[in-house]
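Each chain, written out:
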Amino acid sequence: MLAAICLTSTAACQTHPRARDLGITFDGEPGKLNAITDLPGLEVGQVTLTDKGARTGATVVFPLGKEATEGVSAGYFAFNGTGELTGAHFIEEFGAFFGPVTLTGTLGIGEARDGVLEWTAEHFKGNDDVKFSRVLPVVGETYDGGLNDAWSFPLTSKDVVDALNSAKTGPVEEGSVGGGTGMVAYHFKGGIGTSSRIARYGEDTAFTVGVLVQANHGNREQLVIDGIDVGKMITDLQPTRPPKSDTERDGSIIIVIGTDAPLLPGQLKRLARRAAIGMGRTGGQGDSLSGDIFLAFSTANRVTLGADAPATYVSLPGEALDPMFDAVVDATEEAILNALVAAEDMPGGRGGFVYALPEDRVRAIIQSTKKDQ
């Protein structure tokens, strides 16, 4: 039985294998948790709804933790723009955002926004400056209407408040949870995935890059794992569609990138662009109706709205970003595959069925291919 509601920011609800457990090899050096929460102070919270026809939820990321009042420097990139990231105009204009990033299904954007505002009003009572800085919440979406009875609007603002209150540091639950509950990637069950990398500069300087994805993109024949065309080898286990389904359309992916390296908004936009390469390593190519939107932020350069004195920020030199670029690409690839590996078979709320990635078959394909090389 699927749990009606599961609140989690750690692996408290259930434990899943990760991509490395299948023998998949990745470039780069992961952080301790191999998750976006390797960034000090960053918190993730999730609410998962699978009651009746619901297959949806919300995933929230607090770059500086729930109690922070400052914002973070940020930049975003729309690789393919048939999707939504609310607050994007503010990010483009100010090079920053305040409060959490929330990920959910397309028809839950309004409730996610309202939940963030309701939580903010309650959590920062009496602090009008903080509340005003958060009047434009950042909410990203991908469409979960194939598995989720989306037009019944199961997500409520209270659910989002629960996700916000549950946010914690530590391991992040992946797969069919939070905003990724009803998502499908490469015609397998998709969802939430995360990974991290250490970007080293010489012997004494190192920064962390963390990535979290909501993966709902790609066609089966596109899927590449460990450089192998796995999607062309596993042609069965195709999703079955509910009656009058609109899920033959392309999907989307939202990628959230955080770092503790001191970077300016233009540099963060450069980082966000590199997520497209990590997506491409798994076969994604930004199909015509895919909303592929990538957001990057730095926890090192904090922002206060309404400051009455000049602000001073520091940054890495623009020509010294290659280790950061590598980290984004490597962590994005692994986060997407972590989402696929952790996800489980799921019946749709309106009928239909989506299979999880068959781990034993993928492991056998990788072992056989590497043996022959």
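Residues numbered from 1 in each chain as written. Predicted model: local features only at pLDDT ≥ 70, side-chain atom pairs only at ≥ 80, totals over all residues. Heavy atoms only, no water.

The protein chain goes by Aminopeptidase DmpA in an unreviewed UniProt entry, where it is assigned to Hyphomonas adhaerens MHS-3.

Caption draft 1: Looking closely at helix α2 (residues 109–123). Along its 15 residues, α2 runs 21 Å from first to last C-alpha, staying within 8% of the 21 Å computed at 1.5 Å per residue. Among the residues making up α2, those that are buried are Ile109, Ala112, Gly115, Val116, Trp119 and Thr120. Burial along α2 is one-sided: seen end-on, the buried residues are contained in an arc of 130°. (Helix = DSSP H or I, 4+ residues; strand = E, 2+ residues; numbered from the N terminus. Expected span 1.5 Å × (residues − 1). Buried < 20%, exposed > 50% of the residue type's maximum accessible area, 1.4 Å probe, protein only. Arc of directions from axis to C-beta.)

Caption draft 2: The packing of helix α6 (residues 265–281) against helix α7 (residues 322–342), seen in detail. Taken N-terminus to C-terminus, the directions of α6 and α7 make an angle of 45°; their axes are 7 Å apart at the nearest point. In terms of axis orientation, α6 runs oblique to α7. Here the hand of the crossing between α6 and α7 comes out right-handed. Here Arg270, Leu271, Arg274, Ala275, Ile277, Gly278, Met279 and Arg281 of α6 come into contact with α7, specifically with Met324, Phe325, Val328, Val329, Asp330, Thr332, Glu333 and Ile336. Within the contact of α6 with α7, the residues separate by chemical class into nine nonpolar, two polar and five charged. (Axes fitted to C-alpha atoms, helices over the stretch in contact; angles between N-to-C directions. Parallel < 35°, antiparallel > 145°, perpendicular 65-115°, else oblique. Left-handed = near helix turned anticlockwise from the far one by under 90°. Contact = heavy atoms within 4.5 Å. Nonpolar A, V, L, I, M, F, W, Y, C, P; charged D, E, K, R; others polar.)

Caption draft 3: Inspection of the side chain of Ser196 at higher detail. Along the chain, the position of Ser196 falls in strand β10 (residues 191–201). A distance of 3.0 Å separates a polar atom in the side chain of Ser196 from the backbone nitrogen of Gly31. Among all residues touching Ser196, those that are not within four sequence positions of it are Glu29, Pro30, Gly31, Asn34, Ala35, Asp38, Val209, Gly210 and Ala331. (Polar contact = N/O pair within 3.5 Å; in protein donor to acceptor, adjacent residues only side chain to side chain.)

Caption draft 4: Broad picture of a nonpolar patch on the surface. Together, Phe132, Val135 and Leu136 line one region of the surface with nonpolar side chains, adding up to about 300 Å² of accessible area. The topology assignment puts Phe132 in helix α3 (residues 128–133). (Patch = residues over 30% accessible without salt bridge, like charges linked within 9 Å, V, L, I, M, F, W, Y side chains within 5 Å. Areas by Shrake-Rupley, 256 points an atom, 1.4 Å probe, with all protein chains shown as cover. Salt bridge = Lys/Arg side-chain N within 4 Å of Asp/Glu carboxyl O.)

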